[in-house]
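Next come the chains, spelled out residue by residue.
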Amino acid sequence: MNTVAIYHIKGGVGKTATAVNLAYLAALSGQRVLLWDLDPQAASSFYFRVKPKVKGGGKKLLHSDEAIFKAIKASDYENLDILPADFSYRKMDHQLENKKTLKRALEPLRGAYDLILLDCPPNITYLSENIFRACNAMIIPVIPTILSLRTLEQLIDYFQSKDMSHIKLMPFFSIVDSRRQLHKEIINSLPEKIPMFLKTYIPNASEVEQMGVRRKPLSVFANASKPSKAYCYLLAEIMGRLKELPEA
Ligand SMILES: Nc1ncnc2c1ncn2[C@@H]1O[C@H](COP(=O)(O)OP(=O)(O)OP(=O)(O)O)[C@@H](O)[C@H]1O
Ligand SMILES: [Mg+2]
């Protein structure tokens, strides 16, 4: 089982769009997928038309194997389950006993899924540290701007200083506007400096925004669109890198 966080300290970089589209496409390819919407904003739950409610709240999920199985909802798509958000997740930082509480909570799901995706809230908190201990890979959407890159570099330094070499970091460019000179320059120059960058990037496209209106993954209603194809390539690239890893 691979546990993959879609994470960035920054908000609004395309984490949820990525989590929703990759979850759908991975399930379509035959993998048994669980998407856990860890963000009290509940955007992934919204896209999948799942009520953002967990009986007993996040605290119960963290401490009861039975509760975590009971909270999982089927999605409208084969092979894809959703663990919904709950507004109580805002308190999760205080409900985690130690850095490995989330990892332990996921343990009973081993065997039931091939891939667990974590749609993470922005910021860097105690919950984030728990996410870092629970995942074996991290997908990091990066908008090609100077400040976003600076934040990414801080994040990479943090992982190196804390010896989190068990996490395969997979940054990629998100919401790319190829008419902008700076976006083009950054995309062309950066992967040389940070070789872990995935080659695929996701363009800035109105079809992605339409997901909010349709409440469906992109490939369900715009399969032939450029961003839908880009998400397919992104998944293929990620699966290729995951194959090189020992499973978490
Ligand atoms: N490739 C894209 N092209 C155009 N708009 C996009 C793209 N990706 C995401 N968006 C839009 O940008 C906004 C933020 O995207 P999203 O919710 O996926 O980001 P996020 O990183 O999960 O945000 P948060 O940190 O608040 O959870 C949304 O309105 C979404 O529709
Ligand atoms: Mg989000």
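So, here's what we can say about the structure. (Residues numbered from 1 in each chain as written. Chains lettered and ligands numbered in written order. Predicted model: local features only at pLDDT ≥ 70, side-chain atom pairs only at ≥ 80, totals over all residues. Heavy atoms only, no water.)

### Some thoughts on the site of ligand 1
By nearness alone, 17 residues border ligand 1, and K15, T16, A17, P203 and A205 come closest of all. V13 has a polar backbone atom sitting 2.9 Å from an oxygen atom of ligand 1. Residue A205 places a main-chain N or O atom 2.9 Å away from a nitrogen atom belonging to ligand 1. Protein contacts shield 80% of the accessible area of ligand 1, which totals 620 Å² for the unbound molecule. In this structure the site holding ligand 1 corresponds to the largest pocket. Of all the secondary structure elements, the ones that give two or more residues to the shell around ligand 1 are helix 1 (15-28) and helix 10 (206-214). Top contributing element to the shell around ligand 1 by residue count: helix 1, with three residues. Grouping the amino acids of the shell around ligand 1 by side-chain chemistry returns eight nonpolar, six polar and three charged. (Near = heavy atom within 4 Å. Polar contact = N/O pair within 3.5 Å; in protein donor to acceptor, adjacent residues only side chain to side chain. Areas by Shrake-Rupley, 256 points an atom, 1.4 Å probe, with all protein chains shown as cover. 1 Å grid on protein atoms, 1.4 Å probe; cavity = no way out; pocket = protein on both sides within 12 Å on 5 of 7 lines; lining within 4 Å. Sits in = over half its atoms within 2 Å of the grid points. Helix = DSSP H or I, 4+ residues; strand = E, 2+ residues; numbered from the N terminus. Nonpolar A, V, L, I, M, F, W, Y, C, P; charged D, E, K, R; others polar.)

### Describing the pairing of strand 4 (residues 80-83)
Judged from the four bridges that link them, strand 2 (residues 33-37) and strand 4 form a sheet pairing that is parallel. When the sheet's bridge partners are listed, W36 is paired in strand 4 with L83. Sheet analysis places strand 3 (residues 73-74) next to strand 4, joined by two bridges and oriented antiparallel. By the bridge assignment for strand 4, A74 is matched with D81. Counted along the chain from strand 3 to the antiparallel partner strand 4, the turn is five residues long, and its residue N79 has a positive phi close to 70°. (Pairing = 2+ DSSP bridges.)

### Concerning the pattern of salt bridges
As enumerated under the stated definition, the model contains nine salt bridges in all. R110 serves as the salt-bridge partner of E107, at 2.8 Å between the closest nitrogen and oxygen. Note on E107: relative accessible area 36%, which makes it partly exposed. The class for R110 is partly exposed, based on a relative accessible area of 37%. Several salt bridges share partner residues, and in doing so they unite D177, R179 and R180 into one network. (Salt bridge = Lys/Arg side-chain N within 4 Å of Asp/Glu carboxyl O. Buried < 20%, exposed > 50% of the residue type's maximum accessible area, 1.4 Å probe, protein only.)

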